[in-house]
Amino acid sequence: MADQTHVLFVEDDDVIREATQLALERDGFAVTAMPDGLSGLESFRTDRPDIALLDVMVPGLDGVSLCRRIRDESTVPVIMLSARADSIDVVLGLEAGADDYVTKPFDGAVLVARIRAVLRRFGHAGGGDRGDAADHPDTGGVLTFGELEVDTEGMEVRRAGRPVALTPTEMRLLLEFSSAPGTVLSRDKLLERVWDYGWGGDTRVVDVHVQRLRTKIGQDRIETVRGFGYKLKA
């Protein structure tokens, strides 16, 4: 398992859980599959997987609450599975700290592609270091925007001299903004650059992550340009 990317998969439907586990294992992943949130949390703490794949509606501890518990302890990437694309559960999962989501029913190849895209963003598509915001824009040095300091080499952020804890996805998002301060970046462009989407994606993923980032670096630091996207105030 040490040479494979380890996926924690939490799903209460026996058929979906077993079929998805087999599909992921055929693609070279090591999979620990759990039927409920409490066993999923225990497995997470014991095995320290490279990525967590969580169904929203699981018994014991629902997927959103499980995501929140994981995020309290780790920056490991999390993908939520939701049965409805328009469900409030999607937004709740993202607000809880999930990095992406996939709508059920899903095609196995699509799920694998999304998992690999998330892993590439975190710098361990083959099971490397967890939580690494690799392949970030090469801006170099420490950038200052008012009271905000972004160390693009040390991957550290400070606000008014105090460290700001960001998830790797939030860090990549901030790096995109800080590499072009004052430039409007569209949601589609951010999906492509930060989430590695080579296809159209749900822009709610961008909106929720921007809002989460604002709460950490200052609500006024990232400006919404209606009809176009967002920009970092220089």
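The coordinates are above.
In this report, we go over the structure that sits alongside the text.

The rules we used
Residues numbered from 1 in each chain as written. Predicted model: local features only at pLDDT ≥ 70, side-chain atom pairs only at ≥ 80, totals over all residues. Heavy atoms only, no water. Helix = DSSP H or I, 4+ residues; strand = E, 2+ residues; numbered from the N terminus. Expected span 1.5 Å × (residues − 1). Buried < 20%, exposed > 50% of the residue type's maximum accessible area, 1.4 Å probe, protein only. Pairing = 2+ DSSP bridges. Contact = heavy atoms within 4.5 Å. Axes fitted to C-alpha atoms, helices over the stretch in contact; angles between N-to-C directions. Core = buried A, V, L, I, M, F, W, Y, C linked by side-chain atoms within 4.5 Å. Salt bridge = Lys/Arg side-chain N within 4 Å of Asp/Glu carboxyl O.

This part covers helix H6 (residues 168-179). Over its 12 residues, H6 runs 16 Å from end to end, which matches the ideal 16 Å to within 8%, given 1.5 Å per residue. Listing the buried residues of H6 in full gives Pro168, Thr169, Glu170, Met171, Arg172, Leu173, Leu174, Leu175, Glu176, Phe177 and Ser178.

Ordered in space as S6-S7-S8-S9, the four strands form an open sheet in which the pairing is antiparallel. Both edges of this open sheet fall to strand S6 (142-145) and strand S9 (162-163), since each of them pairs with a single strand only. As defined by bridge partners, strand S8 (residues 156-159) adjoins S9 across two bridges and the pair is classed as antiparallel. In the strand pairing of S9, Arg159 is matched with Arg162. Lying on the sheet, H6 is in contact with S6, strand S7 (148-151) and S8; it crosses S7 at an angle near 105 degrees.

Ordered in space as S2-S1-S3-S4-S5, the five strands form an open sheet in which the pairing is parallel. In this open sheet, the two edge strands, each paired with only one partner strand, are strand S2 (30-34) and strand S5 (100-103). Direction aside, neighbouring strands of the sheet carry axes that sit 20 degrees apart on average. In this sheet, strand S4 (residues 78-82) lies alongside strand S3 (residues 51-55) in parallel orientation, the contact comprising four bridges. Within the sheet, the bridge partner assigned to Asp55 lies in S4 and is Leu81.

Membership of the largest hydrophobic core comes to 48 residues, with the highest contact counts inside it found for Leu54, Met80 and Phe177. For Met80, the contacting residues outside a window of four places in its chain are Leu54, Val56, Gly63, Val64, Cys67, Gly93, Ala98, Asp100, Tyr101 and Val102. Core analysis: the next-biggest nonpolar cluster, separate from the first, contains 16 residues, Leu81, Leu111, Val112 and Leu119 among them.

Moving on, we get to the pattern of salt bridges. Taken as a whole, this structure holds 13 salt bridges when the rule is applied. The shortest N-O distance in the salt bridge between Lys104 and Asp55 comes to 3.1 Å. Placement of the pair is Lys104 in the loop between S5 and helix H5 (108-121) and Asp55 in strand S3, with a sequence separation of 49 residues. Across the pair, Asp55 and Lys104 agree in class, each one buried. Residue Glu192 pairs with Lys189 through a salt bridge whose shortest N-O separation is 3.8 Å. Of this pair, Glu192 and Lys189 both sit in helix H7 (residues 187-194), three residues apart, which is roughly one turn of that helix. Under the relative-accessibility criterion, Glu192 is labelled partly exposed at 44%. The network of salt bridges with common partners includes Glu11, Asp55 and Lys104.

Moving on, we get to the side chain of Asp100. Mapped onto the elements, Asp100 comes out in strand S5. Judged by its relative accessible area of 0%, Asp100 is buried. Apart from residues lying up to four places away in sequence, Asp100 is in contact with Val78, Ile79, Met80, Leu94, Arg114, Val118, Trp195, Tyr197 and Val205.

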